[in-house]
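# Observations on the three-dimensional arrangement
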Amino acid sequence: QVQLVESGGGLVQAGESLRLSCAASGRTFSSYAMGWFRQAPGKEREFVAAITWSGGNTYYADAVKGRFTISRDNAKNTVYLQMNSLKPEDTAVYYCASDPYYTGSYYYEYEYDYWGQGTQVTVSS
């Protein structure tokens, strides 16, 4: 049974930082790419960032490029999302997901097979 558990969300003011974590269990973590998505109230879930199995390649949505950094620690079976210079429009539930397919379609939900339950990030102005 694969489990992905996000943590680190919270309420912050604009300009502040948060670091999200996603702890994985139930499969060989280092064999899979990982991604972060988010869903704001009333909106579709959208891609935020992805990282390949080795951490050698990362991908970002334009909206977060330069402010967010995705990383992973395969020894700890954990992927991180460092979020700096947060804006009110970053308010959303953030989800991590695992990608076993490696087709390169990191931006799309269908690339991912397992998802966490999400963690709320709220940025006040």
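Residues numbered from 1 in each chain as written. Predicted model: local features only at pLDDT ≥ 70, side-chain atom pairs only at ≥ 80, totals over all residues. Heavy atoms only, no water.

## Brief notes about the packing of aromatic side chains
- If you walk through the whole model with that rule in mind, you get seven aromatic pairs.
- Aromatic rings pair up to connect Phe37, Phe47, Tyr107, Tyr112 and Trp115 into one cluster.
- The cationic tip of Arg45 hangs over the ring face of Tyr95; the distance from NZ or CZ to the ring centre is 4.9 Å.
- A cation sits over an aromatic face here: Arg45 above Trp115, 3.9 Å from the ring centre. (Phe/Tyr/Trp six-rings, centres within 6.5 Å; stacked < 30°, edge-to-face > 60°. Lys NZ or Arg CZ within 6 Å of the ring centre and 35° of its normal.)

## Quick word on the state of the cysteines
- The final tally for this structure, using the stated rule, is one disulfide.
- Bridging Cys22 to Cys96, the disulfide has an S-S length of 2.0 Å. One disulfide, between Cys22 and Cys96, carries an S-S torsion of 55° and so falls in the right-handed class. Residue Cys22 is found in strand E3 (residues 18-25), and its partner Cys96 is found in strand E9 (residues 92-99); the two are separated by 74 residues along the sequence. Neither Cys22 nor Cys96 differs from the other in exposure class; each is buried. (Disulfide = S-S within 2.5 Å. Helix = DSSP H or I, 4+ residues; strand = E, 2+ residues; numbered from the N terminus. Buried < 20%, exposed > 50% of the residue type's maximum accessible area, 1.4 Å probe, protein only.)

## Brief notes about the side chain of Thr78
- Secondary-structure assignment places Thr78 in strand E8 (residues 78-83).
- Ignoring anything within four residues of it in the chain, the contact list for Thr78 reads Ser21, Cys22, Ala23, Phe29, Arg72 and Asp73. (Contact = heavy atoms within 4.5 Å.)

## Thoughts on unusual backbone geometry
- At Asn77, a position not held by glycine, the phi torsion is positive, near 55°.
- With respect to the helices, strands and loops of the structure, Asn77 is situated in the loop between strand E7 (68-73) and E8.
- Of note in the backbone geometry, Ser85 takes a positive phi value of approximately 50° without being a glycine.

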